[in-house]
Amino acid sequence: MAIDPTSPVPKYSQLRDLLLDWIVETGLSVDDPIPSERELGQGYGLSRMTVRQTIDLMVSEGKLYRVPGKGTFLARPKIEMSLALASFTEDMRARGYRPGAQDLVRRVLPASGSTARAMGLAPETPVHHIERLRTADGEPMAVERSNIPVDLAPGLDRHSLAGRSLYAVLEQEYGIILDSGEQTIEAGVCDPADAKLLGLPQGSPVLSMRRRSFANGRCVEMATSRYRADRYTLHSRLDPRR
Ligand code: GLP
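Not measured: the values here are computed from a predicted model.

1. Here's the deal with helix α1 (residues 11-25)
Here α1 contains 15 residues, and its C-alpha end-to-end distance of 21 Å stays within 8% of the 21 Å for a straight helix at 1.5 Å per residue. Listed in full, the buried residues belonging to α1 are Gln14, Leu15, Arg16, Leu18, Leu19 and Ile23. Of the surrounding secondary structure, the elements contacted by the buried residues of α1 are α2 (37-44), α3 (48-60), β1 (64-67) and β2 (71-74).

Put into structure tokens, the structure is as follows:
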């Protein structure tokens, strides 16, 4: 296939599709290099600027990554985010990754107005505020900030969550089995603090999630999480219309 100069589809976008086909046809493996910008420009009769536009796009989509001075390589496929009431640990294990957690902040705080409202608590009810960096195979994936009412899990601040599943601790130590939840996901960008934790340039895209999880009708956790958009994708099954 070649670039069609008469097509209404911009050339950089045509090249993206051609490269995606080429990656499949050649059976390119993760971390294998793709041809240089010069080779691609010559091969497809395109300017370096157009080729760079395509590569920039594919890098921002998480399909390719650049190593300065070395070239451009095929990135790992993105991880599909579960849309179930699963824990990060369960989710990563199910996908063949080794889950991890690094404790960043553990504090008991009075719930802020918005947290209290969202959790159905009286203003300033004490909550465990937990901030963790979540990793998969040792690589930073998400920053998660959870709030859990202290009366539901007294002493939770004494349990280390480094490398441990919060949901497993809630279940094993407090007999709390989450039975329902709701989640909102929206596009966002990394603030400087999260960018540093995730090892990404400031302003990188993230998937911002807000989850409320319940047990027996009571809100157990209200969490906000920022997942790397270059490593995560959302997939959901679509049921027929009723
Ligand atoms: C998901 C949710 C978080 C929750 C976490 C628990 O990532 N988005 O709200 O805190 O799972 O995961 P784990 O039990 O592995 O600590």
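From this point on, the discussion continues.
2. Points about the packing of α1 against α3
Close contact between α1 and α3 brings their axes to 9 Å; oriented N to C, the two are set at 60 degrees. It follows that α1 is oblique to α3 by the angle criterion. As α1 packs across α3, the resulting crossing turns out to be right-handed. On α3, the residues that touch Lys11, Tyr12, Leu15, Arg16, Leu19, Leu20 and Ile23 of α1 are Thr50, Val51, Gln53, Thr54, Ile55, Leu57 and Met58. Split by residue class, the contact of α1 with α3 holds nine nonpolar, three polar and two charged.

3. What to know about the packing of α2 against α3
Two numbers describe how α2 lies on α3: the axes approach to 9 Å, and their chain directions differ by 115 degrees. Read as a crossing pair, α2 and α3 show a hand that is right-handed. Of the residues in α3, those touching α2 at Glu37, Arg38, Leu40 and Gly41 are Arg48, Val51, Arg52 and Ile55. For the contact of α2 with α3, the per-class residue count stands at three nonpolar, one polar and four charged.

4. Considerations on unusual backbone geometry
Of all residues except glycine, most have a negative phi; of all peptide bonds, most are trans. Phi at aspartate 31 takes a positive value of approximately 75 degrees, unusual for a residue other than glycine. For aspartate 31, a relative accessible area of 45% puts it in the partly exposed group. Positive phi, normally seen in glycine, also occurs at asparagine 216, with a value near 50 degrees. Among the secondary structure elements, asparagine 216 is positioned in the loop between β8 (205-215) and β9 (218-228). Given a relative accessible area of 75%, asparagine 216 falls into the exposed group.

5. Some words on the site of the ligand
Taken together, 17 residues lie around the ligand, and Thr89, Glu144, Ser165, Leu166 and Glu221 are the ones closest in. Within the side chain of tyrosine 227, an N or O atom sits 3.1 Å from an oxygen atom of the ligand. A total of 400 Å² of accessible area belongs to the ligand in isolation, and the protein chains cover 99% of it. Breaking the shell around the ligand down by element, the ones donating at least two residues are α4 (88-94), β5 (126-136), β6 (139-149), α6 (166-174), β8 and β9. The element best represented in the shell around the ligand is β9, accounting for four residues.

6. With respect to the sheet that holds β6
Taken together, six strands build an open sheet; the order of strands is β4-β5-β6-β9-β8-β7 and the sheet is antiparallel. A strand with exactly one partner marks an edge of an open sheet, and here the two such strands are β4 (99-110) and β7 (180-189). Neighbour-to-neighbour, the strand axes of the sheet open up by a mean angle of 15 degrees, direction not taken into account. When β6 meets β9, the two strands line up antiparallel, connected through six bridges. Its bridge partner being in β9, alanine 142 is matched across the sheet by tyrosine 227.

7. What to know about the environment of proline 35
Here proline 35 lies in the loop between α1 and α2. On a C-alpha basis, the gap between proline 35 and phenylalanine 73 in space is 9.0 Å, while along the polypeptide they are 38 residues apart. When neighbours within four sequence positions are excluded, proline 35 is seen to be in contact with Trp22 and Leu40.

8. Description of the side chain of arginine 211
In this fold, arginine 211 is placed in strand β8. Glutamate 221 is the oppositely charged side chain nearest to the buried, salt-bridge-free arginine 211, at an N-O distance of 5.4 Å. Of note is the side chain of arginine 211, whose polar atom sits 3.1 Å from the side chain of tyrosine 167. With near-sequence residues (within four places) excluded, arginine 211 lies in contact with Ala84, Leu85, Ala86, Tyr167, Glu182, Gln183, Glu221, Met222 and Ala223.

9. Examining the pattern of salt bridges
Per the counting criterion, the structure on display carries 21 salt bridges. Of the charged contacts, one joins glutamate 61 and arginine 16 as a salt bridge, the two residues approaching to 3.0 Å between their closest N and O atoms. With glutamate 61 in the loop between α3 and β1 and arginine 16 in helix α1, the pair connects residues that are 45 residues apart, well separated along the chain. Judged by relative accessible area, arginine 16 falls into the buried class, the value being 18%. The salt bridge involving glutamate 37 is made with arginine 48; its shortest N-O contact spans 3.8 Å. Of this pair, glutamate 37 sits in helix α2 while arginine 48 sits in helix α3, placing them eleven residues apart in sequence. Within the structure, one salt-bridge network assembled from shared partners comprises Glu37, Arg48, Arg52, Asp56 and Arg66.

How each quantity is defined
- Residues numbered from 1 in each chain as written.
- Predicted model: local features only at pLDDT ≥ 70, side-chain atom pairs only at ≥ 80, totals over all residues.
- Heavy atoms only, no water.
- Helix = DSSP H or I, 4+ residues; strand = E, 2+ residues; numbered from the N terminus.
- Expected span 1.5 Å × (residues − 1).
- Buried < 20%, exposed > 50% of the residue type's maximum accessible area, 1.4 Å probe, protein only.
- Contact = heavy atoms within 4.5 Å.
- Axes fitted to C-alpha atoms, helices over the stretch in contact; angles between N-to-C directions.
- Parallel < 35°, antiparallel > 145°, perpendicular 65-115°, else oblique.
- Left-handed = near helix turned anticlockwise from the far one by under 90°.
- Nonpolar A, V, L, I, M, F, W, Y, C, P; charged D, E, K, R; others polar.
- Near = heavy atom within 4 Å.
- Polar contact = N/O pair within 3.5 Å; in protein donor to acceptor, adjacent residues only side chain to side chain.
- Areas by Shrake-Rupley, 256 points an atom, 1.4 Å probe, with all protein chains shown as cover.
- Pairing = 2+ DSSP bridges.
- Lys, Arg positive; Asp, Glu negative; His and termini not counted.
- Salt bridge = Lys/Arg side-chain N within 4 Å of Asp/Glu carboxyl O.

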